[in-house]
Amino acid sequence: MIKIVTIIGARPQIIKAAALSRAIMNKFSDKIKEVIVHTGQHYDENMSQVFFDELGIPTPDYNLGVGSGSHGVQTAKMIEGIEEILVKEKPDYLVVYGDTNSTLAGAIAASKIHIPIVHIEAGLRSFNKSMPEEINRICCDHCSTILFSPTTTGYNNLIKEGFNPKNEKPFTIDNPGIYHCGDVMYDNSLYFGQTTDNRQQTTDLVAEENFILCTIHRNNNTDEPKRLNSIFRALIRLSEEKEIVIPLHPRTKKMLDVNLDLETYNTLISNDRIHITEPASFLEMIRLEKDADLVITDSGGVQKESYFFKKPCIIIRSETEWREIVEVGAAIIADADEEKIIDGYYHFKEKEDIEYPEIFGDGKAAEFICNELISNKQQNIS
């Protein structure tokens, strides 16, 4: 029996962790014991607890309750709390996901006390180091012992940075193993997509069946008035074409009346074709994504989910870690540019031959990861 400590701290990580927890419970319960640590980086009932409940994730064994704060303060508190837990639990591996401060804190804490780090979603690069997430993912990758990349591009990024694909087990921090394993979020989308087929349709949120789904949460969009105004001016214009559903992130909600100019704000709140809702649960988001005609988002996870459900996507960032979906023509990078967002809508309106090749694996990434962790531990013992 091997023991893993899983670090989660934000909504996307809770969802990603569901795939691994489900695989452990269903197929590896006699071989893997999982201890879940929630850092409390982003925690409230709507954005966290509901995901544990509806996705069937075990209640975290620890919650550090770190809360918000500057990057330095938040990360420092998490390092201290995670280290104490690792010393107590003595796991065989620390498992981290993605690119948040929780990911970075877990990697630093574990590497300092020589606990092997497993990074799921390794190798992703925006090539924009002004993004805190880019720094987090690079640092974590280079502290890790086993790295699982969801895409070929991510795997090749690791090779370009010096990782040797020919390394053999047992893997260590100085002899790391890298894999292209597929995406655990694809595992989830296939699994929970079947569940949502039996749930209430989301089209009761709008007067018509055809709608645009939009999510906005990144700091550089919510906190910069010029960008936020440009995005919402585009949405107001697009609402003349289709109704729009916006499950509003708490950060975005807080900044609307602060950063939107008065005319745009008043037009938005009086527009009966733009439906601003509370944050959606994961299953609600899946239903929305399956029912929508088009997705507009700055979320990496939602970009992928739109692809999983074969819906075109307009990315309101200047870059994306998921270059593949742009390269195959299923997504367009518009940044926070009003005219590019509008042009993106008409591009997809006129394009009927979008293809969605299978670039995110076979839906069994979590099982692959579990098998490799067990195999590497056996090699260490022998």
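Heads up: the structure comes first, above all this text.
Residues numbered from 1 in each chain as written. Predicted model: local features only at pLDDT ≥ 70, side-chain atom pairs only at ≥ 80, totals over all residues. Heavy atoms only, no water.

Colleague: How would you summarise the nonpolar core if you had to cite specific residues and measurements?
Modeller: Ranked by internal contacts, the top residues of the largest apolar core, which has 89 residues, are Leu20, Ile120, Phe148, Phe232, Leu235, Ile296 and Leu373. A total of eight residues in this core trace back to one element, the largest contributor, which is helix 1 (residues 11-27). If we ignore the near neighbours within four places in the chain, the residues touching Ile296 are Ile212, Leu213, Cys214, Thr215, Leu235, Leu238, Ile314, Ile316 and Ile341. Residues Val5, Val35, Leu94 and Ile117 belong to the second largest nonpolar core, which totals 19 residues. (Core = buried A, V, L, I, M, F, W, Y, C linked by side-chain atoms within 4.5 Å. Buried < 20%, exposed > 50% of the residue type's maximum accessible area, 1.4 Å probe, protein only. Helix = DSSP H or I, 4+ residues; strand = E, 2+ residues; numbered from the N terminus. Contact = heavy atoms within 4.5 Å.)

Colleague: Could you give me a rundown of unusual backbone geometry, with the residues and numbers involved?
Modeller: Cis rather than trans, the peptide bond between Lys169 and Pro170 has omega equal to 5°. Notably, Lys90 is not glycine yet its phi reads approximately 50°, a positive angle. Locating Lys90 in the fold gives a position in the loop between helix 3 (71-89) and strand 4 (93-97). Classification of Lys90 as exposed rests on a relative accessible area of 64%. Phi at His114 is positive, roughly 65°, even though this residue is not glycine.

Colleague: Can you explain the side chain of Ser230? Please cite residues and give values.
Modeller: For Ser230, the location among the structural elements is in helix 9 (residues 225-238). Exposure remark for Ser230: the relative accessible area of 8% places this residue in the buried category. Among the polar contacts made by the side chain of Ser230, one reaches the main-chain carbonyl oxygen of Ala336 at a distance of 2.8 Å. The residues contacting Ser230, other than those within four sequence positions of it, are Ala336, Asp337 and Glu338. (Polar contact = N/O pair within 3.5 Å; in protein donor to acceptor, adjacent residues only side chain to side chain.)

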